[in-house]
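# Summary of the model geometry
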Amino acid sequence: MSHDCNLIAINEYEIDPAKTTKIVSLLDECFPDTFDGRSYFKQLPHFRYLVFQNEALIGHMGVDHRVIKAGGKAIRIFGIIDLCVKPDHRRTGIAGRLLRSVEALAEKSNVDFLVLMGDDDTLYKSNGFEHVSPAMTRWLAVEDVESVSVIEKDLSNCFLIKGMKSDNWPKGKIDMLGHLF
Ligand SMILES: CC(C)(COP(=O)(O)OP(=O)(O)OC[C@H]1O[C@@H](n2cnc3c(N)ncnc32)[C@H](O)[C@@H]1OP(=O)(O)O)[C@@H](O)C(=O)NCCC(=O)NCCS
């Protein structure tokens, strides 16, 4: 990541219309035909990390602060959502820096685990994440900004975690207590 880049953390409620427009545009470029003009996929995140180069938004990561249940235990997580980097700025370490930023915040807070869903685990494994397997998970299905049903499915192919307070993920069923990010 070059020196003229500026990384900020911002609460969702502080994001102004100008920044929202930039977020919508970056998400649409990085995840085509997915966001339907929204700045969020299923639900607003609690806060976001944004990377700017001058006025241009070139990196994004949403974070959900949530309690979920795993193996009968309530655990506090930061859920990492919609991590993306503008195509012509990829492979310069921006995503890695975003992951390290949220990890540093989690380490000094009461968050037990970082959690994310990733089909390609390359970036995440090289940043210390590991798969939960099995990962029988319940969540609220949200489609087109509507609650649809509660789904239960094994997500071991994409459920990735990184321990903050301990590496002992409670084995057993997982309940997201809300939508899947
Ligand atoms: C995945 C992504 C955020 C990586 O951003 P980045 O700033 O290029 O990442 P970094 O420079 O820190 O690290 C690069 C490493 O990420 C890994 N990587 C590349 N594409 C990836 C992907 N789609 N998913 C996971 N890891 C990926 C590779 O290991 C790469 O290392 P290499 O260059 O040695 O092959 C970026 O490619 C992107 O925005 N992709 C489109 C959106 C997306 O798929 N986001 C992930 C949602 S889970």
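In this numbering scheme, every chain counts its residues from 1 along its sequence in written order. Totals for whole chains, interfaces and linings use every residue, but because this is a predicted model, local features are given only for residues with pLDDT of at least 70 and side-chain atom pairs only at 80 or more, for both listing and counting. Note that the side-chain values use all heavy atoms of the structure and ignore hydrogens as well as water.

Moving on, we get to the site of the ligand. Proximity criterion: a residue is near a molecule or strand once any of its heavy atoms comes within 4 Å of it. Around the ligand, a shell composed of 16 residues is seen, among which Leu83, Val85, Arg91, Gly93 and Gly96 lie nearest. Contacts to the ligand include Ala95, whose backbone N or O atom sits 3.0 Å from an oxygen atom. Throughout this description, a polar contact denotes any pair of N or O atoms lying within 3.5 Å of each other; where both atoms belong to protein, one of them has to be capable of donating a hydrogen while the other can accept it, and for residues adjacent in sequence the pair is counted only when both atoms sit in side chains. Contacts to the ligand include Leu123, whose backbone N or O atom sits 3.2 Å from a nitrogen atom. In isolation the ligand exposes 840 Å². Once the protein is present, 70% of that is buried. Considered class by class, the residues forming the shell around the ligand number 9 nonpolar, 4 polar and 3 charged. Per-residue and other accessible areas follow the Shrake-Rupley method at a 1.4 Å probe size, with only the shown protein chains counted as cover for residues. Any residue that is not Ala, Val, Leu, Ile, Met, Phe, Trp, Tyr, Cys, Pro, Asp, Glu, Lys or Arg is counted as polar, Gly included; the first ten are nonpolar and the last four charged.

The next subject is the pattern of salt bridges. Should a side-chain nitrogen of Lys or Arg be within 4 Å of a carboxyl oxygen of Asp or Glu, the pair is scored as a salt bridge. The tally for this structure, following the rule as stated, stands at 9 salt bridges. In this structure, Glu12 engages Arg48 in a salt bridge whose closest nitrogen and oxygen atoms are separated by 2.7 Å. Here Arg48 lies in strand β2 (residues 47–53) and Glu12 lies in the loop between β1 (5–11) and α1 (17–30), a separation of 36 residues in the sequence. We call a residue buried when its accessible area falls under 20% of the maximum for its residue type, exposed when it is over 50%, and partly exposed in between, using a 1.4 Å probe and counting protein chains only. When its relative accessible area of 15% is taken as the criterion, Glu12 is described as buried. By definition, any uninterrupted DSSP run of H or I lasting at least four residues is a helix, any uninterrupted run of E lasting at least two residues is a strand, and each is numbered from the N terminus.

UniProt positions are given in the numbering used here, feature names are shortened, and annotations may be inferred rather than shown by experiment. The sites that carry the UniProt feature "domain: N-acetyltransferase" (unreviewed entry) are, in the present numbering, residues 10–149. The span residues 10–149 is 23% helix and 39% strand, and its two end C-alpha atoms sit 31 Å from each other.

Okay, the pairing of strand β4 (residues 73–85) next. Most of β4 is tucked away, with 10 of its 13 residues classed as buried. For two strands to be treated as a pair, DSSP must find no fewer than two bridges joining them. Bridge count for strand β3 (residues 56–70) against β4 is 11 bridges, and the pairing is antiparallel. Bridging from a neighbouring strand, Arg66 pairs with Ile77 of β4. Remark: 2 residues form the turn of the hairpin made by β3 and β4, two consecutive strands paired antiparallel; Gly71 in that turn has positive phi of roughly 55 degrees. Where β4 lies against strand β5 (residues 113–117), 4 bridges are found, and the strand directions are parallel. Opposite Ile80, over in β5, you have Leu116 as the bridge partner. We call a crossover right-handed when, viewed with the strands running away from us, the connection from the first strand over the helix to the second turns clockwise. Handedness of the β-α-β unit built from β4, helix α2 (residues 94–107) and β5 comes out right-handed.

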